[in-house]
Amino acid sequence: CDWLLDQTLSDHDMSTTLKALTKKLIEIDVPLDRVSISRSLLHPTIGLFDMVWEREDDHVTITKIPRHLVLDNMNLNTPFVDLAKGKVTRVFADLTDPDEVARYDNFPGLAAAGITAYVAFARVFGLKHSLYFPIEADFRGACVSVATKHPDGFTTEDLRGMTRLMPALCACLR
């Protein structure tokens, strides 16, 4: 966590920090296969900054999502939408369970790719704004999901550790 806090003051771009973080977590046996981060932006045309790291190619894909598309997608049935709207504070899913796979529209694709466990968090920061009227009035921040293909999913200690990392990770996103 100290290393990640140090990154908030570095000149590294977030994709470099994310790749280094995933490497450090894998080195301590956290079974990461995918990390996705979406961060809302106070920008006139860009509404969301989206990053996805996949273990298979160890690459971070960055997408800048226009503000109008963010609003168009607020009716989708996804964990990040529920987190952004304040419906839930955390999402955990066992993607080996067909009932869990059916819960969100993006879960069947993840399960088909071999993902066995998924967890998502949201962190709020900054001042209140009303640029996204369908989003929870005080949402300004980031959603982060982590996923694994490990047959046993994540351990309780893995989940505790990732929960502790969220404030530092979100500080890097500011």
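Residues numbered from 1 in each chain as written. Predicted model: local features only at pLDDT ≥ 70, side-chain atom pairs only at ≥ 80, totals over all residues. Heavy atoms only, no water.

**Q** Is there a simple way to think about the nonpolar core in this case?
**A** As a rule of thumb, nonpolar side chains are buried together in soluble globular proteins. With 23 residues, the main nonpolar core has L32, V35, I37, F154 and M162 as its most contacted residues. Among the secondary structure elements, those contributing two or more residues to this core are α2 (14–27), β1 (34–40), β2 (46–54), β5 (117–124), β6 (141–148) and α7 (156–173). Of all the elements, α7 adds the most residues to this core, at six residues. Look past the residues within four positions of F154 in its chain and what remains in contact with it is P31, L32, A117, V119, V146, A147, T148, L159 and M162. One finds V101, F107, L110 and A147 within the second-largest nonpolar core, a separate group that totals 14 residues. (Core = buried A, V, L, I, M, F, W, Y, C linked by side-chain atoms within 4.5 Å. Buried < 20%, exposed > 50% of the residue type's maximum accessible area, 1.4 Å probe, protein only. Helix = DSSP H or I, 4+ residues; strand = E, 2+ residues; numbered from the N terminus. Contact = heavy atoms within 4.5 Å.)

**Q** Can you help me understand α2 in this one?
**A** A turn of α-helix holds 3.6 residues, and therefore any two residues three or four places apart point the same way. In this model, α2 (14 residues) spans 20 Å end to end at C-alpha, consistent with the 20 Å of a helix rising 1.5 Å per residue. Taken together, the buried positions of α2 are occupied by M14, S15, T17, L18, L21, T22 and L25. All buried residues of α2 project into a common sector of 155° when viewed along the axis, lining one side. Of the residues in α2, the exposed ones pointing more than 90 degrees away from the buried face are K23 and E27. (Expected span 1.5 Å × (residues − 1). Arc of directions from axis to C-beta.)

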